[in-house]
Amino acid sequence: MKYRLLGILALGLLGSLGMAQKTLVFGSNGEPASLESGNITDGISIYAQRQIYDTLVDFKPGSTDPQAGLAVSWFASPDGKTWTFRLRQGVKFHDGTDFDASAVVFNVNRWWDPKDPTRISGGSNYEIWGELFGGYKGDKGSFLAGVSAVDKYTVRFTFNSPVPYFPVAIGSGYFGIASPAAIKAAGAKYGTAAGGAVGTGPFKFKEWRPGDRLILEKNTNFWKTGLPKSDGVVFRFIKDPAARLAELKAGSIDFTTDIPPANLKDLQNDRNLRAVFRPSFNVGYLALNPSYKPLSDVRVRQAIAMAINKKEIVKAFWGDLGVTNGHFMPSSFKTYYSPKVTDYEYNPAKAKQMLAEAGYPNGFDLEFWYMPVSRPYFPTPKEIAEAMGADLSAIGIRVKFQTKDWATYLNDRRNPPGFQAYMLGWTGDYGDPSNFFDPHFASPITDLFDSAGNKLDIKELNEVLAKGAASSNQAERVKLYQQADEITFNLALRIPIVHSQPLIAQRTSISGWVPSPLGSESFEDIVKR
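For every chain, the first residue of its written sequence is number 1, and the numbers climb from 1 along that sequence. It should be noted that, the model being predicted, local features are given only for residues of pLDDT at least 70 and side-chain atom pairs only at 80 or more, the latter also being counted only at that level, while totals for whole chains, interfaces and linings use all residues. With hydrogens and water excluded, all non-hydrogen atoms of the structure serve as input to the side-chain values.

Enquirer: Honestly, the packing of aromatic side chains in this entry has me stumped. Any pointers?
Expert: Aromatic ring pairs are defined here through the distance separating the ring centres and the angle between the ring planes. Only centres within 6.5 Å qualify two rings of Phe, Tyr or Trp (six-membered ring in Trp) as a pair; their planes then separate them into stacked at under 30 degrees, edge-to-face at over 60, and tilted for everything else. Counted by the stated rule, this structure contains 45 aromatic pairs. Residues Phe85 and Phe166 carry aromatic rings whose centres are separated by 6.1 Å and whose planes lie at 80 degrees to one another, so their mutual orientation is edge-to-face. With Phe85 in strand E5 (residues 82-87) and Phe166 in helix H5 (residues 166-170), this pair connects stretches of sequence that are 81 residues apart. The same class applies to Phe85 as to Phe166, namely buried. Chaining the aromatic ring pairs together yields one cluster made of Trp74, Phe85, Trp111, Trp129, Phe133, Phe157, Phe159, Phe166, Tyr174 and Phe175. Comment: elements are numbered from the N terminus, with helices defined as DSSP H or I runs of at least four residues and strands as E runs of at least two. Only protein chains enter the accessibility calculation, which uses a 1.4 Å probe; a residue is then buried when its area is under 20% of its type maximum, exposed when over 50%, and partly exposed in between.

What follows is the structure, encoded as structure tokens:
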């Protein structure tokens, strides 16, 4: 009866919104932090933005292979320091203005140049650009030296050193191209519920009800002929995975993400539902912040790695849909695995001895932060946190669990001195090892600090990562990233807990959904019967 009632309510909801029955209803695992492209780092925001924006480079459905997006072709100079993009012609933003080279330059300068006057202040910092591209305009380590419009439909990027993976990096979901006119008009409200967002993508922003839903409508002037195939998309914000599954069964949502692996049989036993498996391309980790005195000692961090029974935790929460090891990169990057790295043995007695040798024979208090929303790498974060906390208590570490709303959680971990210990993860944005290492370990590390509150700078590791990012020699890159694999393992600053195969689900009434290993995909091809 409960499910039937939810279904009736869903029909009434769409009717009250004046939306056709072929509007898709997606059960989102949270609310976007922002709809402003280039100024978010989380997958929940990217999922929504992929429907509104296009990127210069796209990816073939279900893969990390690049294909034409808003750029139809691209090529590098012989020295690898210049990338030139030929742009698609005849594309319009949702507000009717033209997409062209000047729009690309406008967007890139906002992300790259801290002095750009169109940047939005008030906590916004465009951190993902700095993490992926070595810093910002004026920084010594900035990869980018300049961006310019060669003509109306040609853009040129000039770099201080070769960036062989730049086309796939600029194609990642962070960097949707937004309407310059819309940004100028909305000012600081751009990307918020009050200001909306304007791109060239398959769906247009209609309404954002904070705490409830995001409503997008079909872009009838989309540049891809015949797409999108649905009349619109409603993103329902449903943090609780059990609630998402209940609504999926009831038919009040059509498809959803991040279902706990324990519910796989529920999906398989319901003839109206279909279990879908997103290709594995992620890591879920526990970060240990050296700004907190006990964690400044590498012996303590390694003891924690040794005290957590990772294999049993993965077996309990993921079953066959997760693996654990000591590598920060998923197995699709096995080529870059160091043969010297396996994993820390589970050995509480030895871990307790290491704590004593570090000066903590009676353990210490530890604030342990867990995410308020389920993510592909941690589908049930609170329960997984409690399992890790139980293991830590066995060696005398007294855990105090903490959490806060998603956007604040993401922001506050970067405010010095940062969280003492916290859970987070990463789904790859493109198929290059730099995408896993650089945002987490390249200097300055934005969410781990030293005892003085300065962002962590690990010079030896940073030099290795910089050489790896700039090299076009594959054999040299393998050697460098194997070295990075070994260094990060020994530092134990971010302990890999799991590489998961995310379980997602849909009703059988929809078709055309091809999940991307990159964590999100356009809904343009999805059909609802």
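Enquirer: Explain the packing of helix H14 (residues 434-441) against helix H15 (residues 459-470) here, please?
Expert: Axis angle and axis distance: for two packed helices, these are the angle between their axes and the distance between the axes, and together they describe the pair. Note on geometry: axes are C-alpha line fits, over the in-contact stretch for helices, and angles between N-to-C directions span 0 to 180 degrees. Packing of H14 against H15 leaves a shortest axis separation of 11 Å and a crossing angle of 145 degrees. Regarding H14 and H15, the two cross each other, and that crossing is left-handed. Seen from H14, the contacting residues are Phe437, Asp438 and Phe441; seen from H15, they are Leu461, Leu465 and Ala469. All amino acids are sorted into three groups, where Ala, Val, Leu, Ile, Met, Phe, Trp, Tyr, Cys and Pro are nonpolar, Asp, Glu, Lys and Arg are charged, and the leftover types, Gly among them, are polar. In terms of residue class, the contact of H14 with H15 is built from 5 nonpolar, no polar and 1 charged. Less than a right angle of anticlockwise turn of the near helix away from the far helix marks a crossing as left-handed, whereas a clockwise turn marks it as right-handed. Contacts between residues were defined by any pair of non-hydrogen atoms, one from each residue, lying within 4.5 Å.

Enquirer: Help me understand the pattern of salt bridges in this model?
Expert: Opposite charge on two side chains allows them to pair when their charged atoms are near. The salt bridge criterion pairs a side-chain nitrogen of Lys or Arg with a carboxyl oxygen of Asp or Glu, the two atoms within 4 Å. Across all of its chains, the model carries 24 salt bridges by this definition. Its salt-bridge partner being Lys382, residue Glu386 comes within 2.7 Å of it at the nearest N-O pair. Taken together, the residues span about one helical turn, with Glu386 and Lys382 both in helix H12 (residues 381-393) at a distance of 4 residues. Residue classification places Glu386 among the partly exposed residues on the basis of a relative accessible area of 35%. With a relative accessible area of 39%, Lys382 lands in the partly exposed category. Residue Lys459 pairs with Asp457 through a salt bridge whose shortest N-O separation is 3.1 Å.

Enquirer: Explanation requested: the pairing of strand E17 (residues 421-427) in the structure shown.
Expert: The side chains of a regular strand alternate, residue by residue, between the two faces of the sheet. The buried fraction of E17 amounts to 7 of the 7 residues, a majority that puts the element mostly inside the structure. A two-sided burial pattern is seen for E17, the buried positions comprising Ala421, Met423, Gly425 and Thr427 on one face and Tyr422, Leu424 and Trp426 on the other. Paired strands, in this sense, are two strands between which DSSP finds at least two bridges. Relative to E17, strand E13 (residues 282-288) runs antiparallel, the two sharing 7 bridges. Bridge pairing in E17 places Leu288 opposite Ala421. For strand E15 (residues 365-369) and E17, the ladder comprises 2 bridges, and the chain directions are parallel. Bridging from a neighbouring strand, Phe368 pairs with Ala421 of E17.

Enquirer: Explain the nonpolar core to me, please; I cannot follow it from the model alone.
Expert: Within soluble globular proteins, side chains that are nonpolar generally end up buried alongside one another. Remark: nonpolar core denotes a set of buried residues (Ala, Val, Leu, Ile, Met, Phe, Trp, Tyr, Cys) joined through side-chain atoms within 4.5 Å. Counting 154 residues, the largest nonpolar core has Leu56, Phe157, Met423 and Phe523 as its most contacted members. When residues no more than four places from it in sequence are discounted, the contact partners of Phe523 are Leu24, Phe26, Tyr47, Gln51, Phe203, Val233, Phe235, Phe255 and Trp513. Core analysis: the second largest hydrophobic core is formed by 12 residues, Val25, Leu267, Leu321 and Leu503 among them.

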